[in-house]
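# Observations on chain architecture
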Amino acid sequence: MELDDIRGGRLDVISEEGEHQDISRESSTMEACYVVPEPGGRTFQRFSVNTNESLRFEPCEDSCPSPTAAEDDVFEKGEFEGEIIPVRNQLQGKVAEMENFAGHLEEIFLTVEENFGRQEQHLEQHYNDVLQTLSQRYDERATGLQEEKKSKLESLYGQLLVCGQALDASKVLIETAQEIYRCQDKRLFLKTVMPIIKRVEEFAKEDIDLTLATSLEFSTPLADLTDVKTMMDSINIVPAPSAPVINPQLPNSATQTSLHVCWSLFSDDTVEYYELYYRPVLEDTPADSTCAPQESKVKVKETHCTVTDLLPNAQYELWVTATNTTGISPASEKALYMTVPSPPVIKQRECSSCPEAALIRWESGNTNPVDSYTVELSETGTVGTESNITESIVAVPTCQCLIQLQAGRQYFISVRAVNIGGPSERSDAITISTTGTFFYLLEDTAHPCLSMSEDGFTIFYGDEELPITAMAFEDNTFTRCVAILGDLIPVRGRHYWEVEVDEDTEFRVGVAYEDTERDSYLGANSSSWCMRHIRTPSRHKYEFLHNGWSPDLRITVHPVRIGVALDYDRGTLSFFNAHLEQHLHTFRCHFQSYVHPCFSLDNPGALTVHNGIAAPDYTVT
């Protein structure tokens, strides 16, 4: 059957279905087809409708009423839509399934035609090969017979020549003997008869071979037609499979320790089982190296397989062969698959937040690089449990992400690593609060004389002076000022934190750019702003330094707890006596870039940072 015939038949079926639908639409305006009794004694007539309308029911008597009476008593349209819509959707689904099945049949039809053409070419090739082989065998056999005939004739001809020569010699000898016998001269007879007798005796002694020099029969060995027989038998033998084609890796086809691999094969190939080979791909290892990883093998009957017990975020090389009763196919082209990465590890001590955003940093947790990361966050409920509402930030290229949040909330935040195999499991979640600005102190910037508390928010300057040779200075540490930076505040808007110090402690608190000079004092350059406390024998002296200059201010009450308010948008940095809710001073500057909180101790003592707190109302000026 041709493809056009099938398609034509399908179109006829569709046409008949369309005519049937038209008849159904017309019948929806006619009388009801049958009556449905109701337990209460009432009966309802059911009308046929198309897929765009709901079924309608109407009460009726034992006999069918007229269309006018039916219109008066018909139920409101839509009363039974809730029942009919699922049925309609189900019918539409069935129609879609039938159309898909018809399309599938067309594909099968085309596949059968292609397979038939391929088998026909295969049979014709076998036929030509058999004829060519038989022709070669005939030529070889005919040549052998011709050479054997030539050899026999040459042998017989040689023997015939020898016989002719013997006959000629006998004839000459007989004629000579007859001449001597007729001779009348007795003396001449006696003189010549002896040599003739001797010649006759010698001739008689000669052995003449009168047997044929060659056989009259031709040798007819059986022709070796085993290869022809093999070729003829192979026509009915299932051919060995062709090389399978391994599919590229699909998204979400892997876990941290497994891979789901699929492949395909020519539809006319008969296969008993497949063998899937795989091995990890190690960097900087040549393919022919003796240190190459050992390959593993899995035997399956399907065209897919799930390989387990693998390494996370590792690349694997896979190939597959097909086997049947005839033999093994060539190996497929090798494909590269990736397992899902291990979960990242959030570096909580390097995360910071403010009322409107949070900066999250993490470690990859994988030896091999990943494609991207996904950050997931959910707001905590009223009792501190995770809510069902989860937001995701996808395609994060690096190991940090700045997330916009809502003020006064608390969030659970986790991270997933993503590669071609899919996303990893969630990392351990951390809790982020947006009540106020929260940051940690950066230990890598601390002067060697400073030490930190276990929670990381109190710094100490001991009484014991360290010699310069005992101090280990790094590229990012302060070398002259006994200072430390807080984490960067990379979000515009208002930020607030507080600092608690003893009244005998000399200190500097404020903000500084990331590239502020490490061999300079805070406030003594153009990249830092700070409040400084100096203890003199007579009083407490306070300076508000920037670029080495301070306004002439006098503070009568020593602030034990100092509030620091940073406003990027307004370009202000303000200081407050938090206990007295008293404004001390405000720097006005257009900050060129984001700044770090900074803290310094000018004499032995301690300083504690309080952050993550809401800014008091009195700080809004």
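Attention in this report is confined to the structure presented alongside it. As the structure is a computational prediction, the values presented were derived from the model and not from experiment.

Looking only at helices and strands, one finds 5 helices and 31 strands in the chain. Across the 621 residues of the chain, 36% fall into the buried class. Nonlocal contacts in the chain, meaning residues at least 24 apart in sequence, comprise 65% of its contacts between residues at least 6 apart. Within the structure as shown, the chain displays about 37800 Å² of accessible surface, and the carbon and sulfur contribution to it stands at 53%.

All right, on to a nonpolar patch on the surface then. Together, Y127, L131, L134 and L225 give the surface a local cluster of nonpolar side chains, amounting to about 360 Å² of exposed area. Position of Y127 relative to the elements: it lies in helix α3 (residues 81-182).

This next bit is on the sheet that holds strand β6 (residues 273-280). Spatial ordering of the open sheet is given by β7-β6-β9-β10, a layout of 4 strands whose pairing is antiparallel. Strand pairing shows two members of the sheet lacking a second neighbour, β7 (296-300) and β10 (335-338), which therefore form its edges. Strand-to-strand twist of the sheet, defined as the mean angle between neighbouring strand axes without regard to direction, takes the value 30°. With 5 bridges connecting them, β6 and β7 associate as antiparallel partners. Bridge pairing in β7 links E275 to K299.

Time to look at the pattern of salt bridges. Going through the model one piece at a time under the given rule, you end up with 17 salt bridges. With a shortest N-O distance of 3.9 Å, R494 and D567 are connected by a salt bridge. Pair noted here: R494 is in strand β23 (residues 494-501) and D567 is in strand β27 (residues 561-567), with a separation of 73 residues, a long-range link. Residue class for D567 comes out buried when judged on its relative accessible area of 7%.

Relative to the assigned elements, N324 resides in the loop between β9 (315-323) and β10. Here the side chain of N324 touches T326 through a polar contact of 3.0 Å, landing on its backbone nitrogen.

Further remarks concern unusual backbone geometry. Of note, A395 is a non-glycine position whose phi angle comes to about 55°, a positive value. On the secondary structure map, A395 appears in strand β15 (residues 386-396). Positioned with a positive phi, N547 is a non-glycine residue whose angle comes to about 60°. By secondary structure assignment, the location of N547 is in the loop between β26 (540-546) and β27.

What follows concerns the sheet that holds β26. Pairing within the open sheet is antiparallel, and its 5 strands lie in the order β22-β30-β24-β25-β26. Of all strands in the sheet, those bounded by a partner on one side alone are β22 (483-485) and β26. Strand-to-strand twist across the sheet, computed as the mean angle between neighbouring axes with direction ignored, equals 15°.

With that settled, consider helix α4 (residues 186-205). Its 20 residues place the ends of α4 28 Å apart at the C-alpha level, agreeing with the 28 Å of an ideal helix rising 1.5 Å per residue. Remark: the principal bend of α4, roughly 30°, maps to V193, with a proline, P195, within the next four residues.

It is worth spelling out the nonpolar core at this point. Membership of the largest hydrophobic core comes to 36 residues, with the highest contact counts inside it found for W497, L573, F575, F591, F599 and L607. The dominant element in this core, judged by the number of residues it contributes, is strand β24 (residues 507-513), at 4 residues. In contact with F591, not counting residues within four places along its chain, are V511, Y513, W529, L566, Y568, G571, T572 and L573. In terms of nonpolar packing, the next biggest core, distinct from the first, is built from 20 residues, Y274, V300, L310 and A322 among them.

All right, on to the packing of aromatic side chains then. Each pair of aromatic rings is reported with the distance of its centres and the angle of its planes. By the definition in use, this model includes 15 aromatic pairs. Each ring, one from Y277 and one from W319, has its centre 5.7 Å from the other, and the planes form 5°; the classification is stacked. In this pair, Y277 sits in strand β6 while W319 sits in strand β9, placing the two residues 42 residues apart along the sequence. Assessed through its relative accessible area of 16%, Y277 is described here as buried. With a relative accessible area of 8%, W319 lands in the buried category. Ring centres of W362 and Y373 lie 5.4 Å apart, and the angle between their planes is 65°; this geometry places the pair in the edge-to-face category.

On to the state of the cysteines, then. Scanning all chains against the criterion turns up 0 disulfides. C305 takes part in no disulfide bond, and the closest cysteine sulfur, belonging to C262, lies 9.6 Å away.

With that settled, consider the environment of G144. Along the polypeptide, G144 turns up in helix α3. On the basis of relative accessibility, which here comes to 30%, the residue G144 falls in the partly exposed class. Residues G144 and S219, 75 residues apart in the sequence, show an inter-C-alpha distance of 9.8 Å.

Here we come to the pairing of strand β25 (residues 528-535). For β25, the buried fraction is high: 6 of the 8 residues fall into the buried class. Direction of pairing for β24 relative to β25: antiparallel, over a ladder of 6 bridges. From the neighbouring strand, A512 faces β25, where its bridge partner is S528. Where β25 meets β26, 7 bridges bridge the pair, whose relative direction is antiparallel.

Take the environment of N603 next. Secondary-structure assignment places N603 in the loop between β30 (595-601) and β31 (605-610). Through-space distance from the C-alpha of N603 to that of V482 is 8.8 Å; in sequence the pair is 121 residues apart. In this structure, N603 is in contact with Y461, D504, T505 and E506, ignoring residues within four places of it in sequence. Reaching out from N603, the side chain makes a polar contact with the backbone nitrogen of E506 at a distance of 2.8 Å.

Take a negative patch on the surface next. On the surface, E443, D444, E474 and D475 cluster together into a negatively charged patch. Assignment of secondary structure puts E443 in the loop between β19 (430-433) and β20 (450-452). Look at E443 and you get exposed, because its relative accessible area is 55%.

Now for the side chain of N525. In this structure, N525 sits in the loop between β24 and β25. On the basis of relative accessible area, N525 is assigned to the buried category, the value being 5%. Polar side-chain contacts of N525 include one of 3.3 Å to the side chain of S520. Within the local environment of N525, its side chain forms a polar contact with the side chain of S527, the two groups lying 3.1 Å apart. For N525, the contacting residues outside a window of four places in its chain are T516, E517, S520, H546, N547 and G548.

Cut-offs and rules
Residues numbered from 1 in each chain as written. Predicted model: local features only at pLDDT ≥ 70, side-chain atom pairs only at ≥ 80, totals over all residues. Heavy atoms only, no water. Helix = DSSP H or I, 4+ residues; strand = E, 2+ residues; numbered from the N terminus. Buried < 20%, exposed > 50% of the residue type's maximum accessible area, 1.4 Å probe, protein only. Contact = heavy atoms within 4.5 Å. Areas by Shrake-Rupley, 256 points an atom, 1.4 Å probe, with all protein chains shown as cover. Patch = residues over 30% accessible without salt bridge, like charges linked within 9 Å, V, L, I, M, F, W, Y side chains within 5 Å. Salt bridge = Lys/Arg side-chain N within 4 Å of Asp/Glu carboxyl O. Pairing = 2+ DSSP bridges. Axes fitted to C-alpha atoms, helices over the stretch in contact; angles between N-to-C directions. Polar contact = N/O pair within 3.5 Å; in protein donor to acceptor, adjacent residues only side chain to side chain. Expected span 1.5 Å × (residues − 1). Bend = angle between axes of the 7 residues up to and from the residue. Core = buried A, V, L, I, M, F, W, Y, C linked by side-chain atoms within 4.5 Å. Phe/Tyr/Trp six-rings, centres within 6.5 Å; stacked < 30°, edge-to-face > 60°. Disulfide = S-S within 2.5 Å. Lys, Arg positive; Asp, Glu negative; His and termini not counted. Charge placed at Lys NZ, Arg CZ, Asp CG, Glu CD.

In short, shape yes, function no, at least from these values alone.
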